[in-house]
Amino acid sequence: MRLQILDSGHGIGTKALFALIRTVSRQPVLDVVKLVKYRSDFYGGPMSAVTQEAMRGPSTWSIGDRELIAAFVAKTNQCEFCTKTHAAVAQAAYHRDGKIVPDLSSDSDVADLSEPLRATLRMLGKLTREHAVNVDDMRAVLAAGASRQQIEDALAVCFSFNVISRLADAFGFFVPGPEAFKAGAKYLLARGYR
Amino acid sequence: MSDIRQARRTLTERILKGAAKASAPDRRAAFDDSGLPVPLGTLVDKVARYPHRVTDDDIAAARGAGLSEDQIFEIVVCAAVGQATRQCDAAVTALEAAARKA
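As a convention, each chain's residues are numbered from 1 in the sequence order in which they are written. As a convention, the first chain written is A and the first ligand written is 1, with the rest following in written order. Reporting of local features is limited, given that this is a predicted model, to residues whose pLDDT is at least 70; pairs of side-chain atoms are given and counted only at 80 or more, and all residues count toward the totals for whole chains, interfaces and linings.

1. Some words on the overall build of chain B
If you tally the helices and strands in chain B, you get five helices and zero strands. In sequence order, the secondary structure elements of chain B are arranged as α-α-α-α-α. For chain B, the spread of C-alpha atoms along the principal axes amounts to about 55 × 30 × 20 Å. We call a residue exposed when 12 or fewer other C-beta atoms sit within 10 Å of its C-beta, buried when the count reaches 20 or more, and partly exposed for counts in between; the C-beta positions come from the backbone. By residue count, 43% of the 102 residues in chain B fall in the buried class. Two residues qualify as a contact pair if the distance between their C-beta atoms, derived from the backbone, is within 7 Å. The contacts in chain B between residues at least 6 apart in sequence include a share of 60% that link residues at least 24 apart. A run of DSSP states H or I qualifies as a helix once it reaches four residues; a run of E qualifies as a strand once it reaches two. Both are numbered from the N-terminal end.

2. Description of the overall build of chain A
In terms of helices and strands, chain A carries 10 helices and zero strands. Start at the N end of chain A and walk to the C end: the helices and strands fall as α-α-α-α-α-α-α-α-α-α. In terms of C-alpha radius of gyration, chain A reaches 17 Å, essentially the compact-globule figure of 16 Å for 194 residues. Taking the contacts inside chain A whose residues are at least 6 apart along the sequence as the reference set, 70% of them involve residues at least 24 apart. For this measure, only C-alpha atoms enter the radius of gyration; the expected value for a globule follows 2.2 Å times N^0.38, where N is the number of residues.

3. Focus: the interface of chain A and chain B
Across the boundary between the two partners, chain A contributes 44 residues, which contact 40 residues of chain B. Elements that contribute at least two residues to the side of chain A that touches chain B include exactly helix H1 (4-8), helix H4 (44-56), helix H8 (135-143) and helix H9 (148-171) of chain A. For the side of chain A that touches chain B, the leading source of residues is H9(A), giving 15 residues. All amino acids are sorted into three groups, where Ala, Val, Leu, Ile, Met, Phe, Trp, Tyr, Cys and Pro are nonpolar, Asp, Glu, Lys and Arg are charged, and the leftover types, Gly among them, are polar. Residue composition of the side of chain A that touches chain B, grouped by class: 26 nonpolar, 10 polar and eight charged.

4. What about the nonpolar core?
Connectivity within a nonpolar core runs through C-beta atoms within 7 Å, and the core itself is a set of buried Ala, Val, Leu, Ile, Met, Phe, Trp, Tyr and Cys residues. By size, the foremost hydrophobic cluster in this structure holds 94 residues, and its most contacted members are A:Ile69, A:Cys158, A:Leu167, B:Val76 and B:Ala79. Of all the elements, helix H5 (residues 69-101) of chain B adds the most residues to this core, at 15 residues. Excluding anything up to four places from it in sequence, A:Leu167 contacts A:Leu35, B:Val76, B:Val77 and B:Ala80.

5. A few points about the packing of helix H6 (residues 80-96) of chain A against helix H10 (residues 178-191) of chain A
Residue and element names in this part refer to chain A. All axes here are fitted lines through C-alpha atoms, helices being fitted over the stretch that makes contact, and every angle between N-to-C directions spans 0 to 180 degrees. The N-to-C vectors of H6 and H10 enclose an angle of 60°; their axes lie 8 Å apart at closest approach. Considering their axes alone, H6 and H10 lie oblique with respect to each other. Like other packed secondary-structure pairs, H6 and H10 cross with a definite hand, here right-handed. On H10, the residues that touch Lys84, Thr85, Ala88, Val89, Ala92 and Ala93 of H6 are Phe181, Lys182, Gly184, Ala185, Lys186, Leu188 and Leu189. Broken down by class, the residue content of the contact of H6 with H10 amounts to eight nonpolar, two polar and three charged. Small angles under 35 degrees read as roughly parallel and large ones over 145 as roughly antiparallel, with 65 to 115 read as roughly perpendicular and the rest as oblique. A crossing counts as left-handed when the near helix is turned anticlockwise from the far one by less than a right angle, and as right-handed when that turn is clockwise.

6. Here's the deal with H9(A)
All names here are of chain A. Helix span, expected: 1.5 Å multiplied by one less than the number of residues in the helix. Taking 1.5 Å per residue, 24 residues should reach 34 Å; H9 reaches 35 Å between its end C-alpha atoms and fits that length. With respect to burial, H9 is a largely interior element, 22 of its 24 residues being buried. One or two residues past the end of H9 sits Gly172, with phi positive at roughly 70°.

7. Concerning the confidence of the model for chain A
One confidence number per residue, pLDDT, is output by the predictor and ranges from 0 to 100. Mean pLDDT over chain A works out to 93, with 96% of the residues at or above the 70 mark. Per-element averaging of pLDDT across chain A places H10(A) at the bottom with 92 and H9(A) at the top with 98.

This is the structure:
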């Protein structure tokens, strides 16, 4: 972590919470948790409300789909921490729902997806890479069968992870081993982003 | 259906207008990715456009320019939220136009 305040500048109560997390999960506290708990009235509190609504609010996209969208946006931003975090949650969510887990490892289109989700990811990829999309891009997603509301819901996820992956890269989040991501995925699937 | 508009407004109001260590004009400039001098402007532009290219040296340069860690934290948050806001708003505008033509 590039800022010492984010690594160790928390109050006594938050440090006690981190000790509890380390004890229960037997994993290090993820840097994203340290970020949202630092002066949480400034960023962590209001941002968690945005992310909770985008990721766990009502939507016809499943939780697995939204976690996949999050991982895809992070991957497009070349953010290793967020890609691994949300790929792990997507995998757990799809597995829980008895669905095939899509493969995000390819640089081209993601396999095993419905056409509306594939077209939505294609549009979000352009938005994230080029910072803009046009009317024709949106018409293509609508023509693929995604509803206007589904596109708005996907843009909400995209907003959240265009913020979080930027912060992860800028602040230099440590990328731990797979067991830490597995523990994080278990927590996020059970408890969400509050 | 999920609706983040109110939560986004609350976030933006907080980071731009609430109590903070960085000045309100600097937070606004970071949000807009516009008008900050080097080296802070360089850091903000990287966060907005190429976040994976931010380095230890960029953060060290901001420190060297006299910013505290709290100020850097706030400025980077504002830069990230600002860029994500511009992208999201542009996409919603395109979606509304596409829906009208459909």
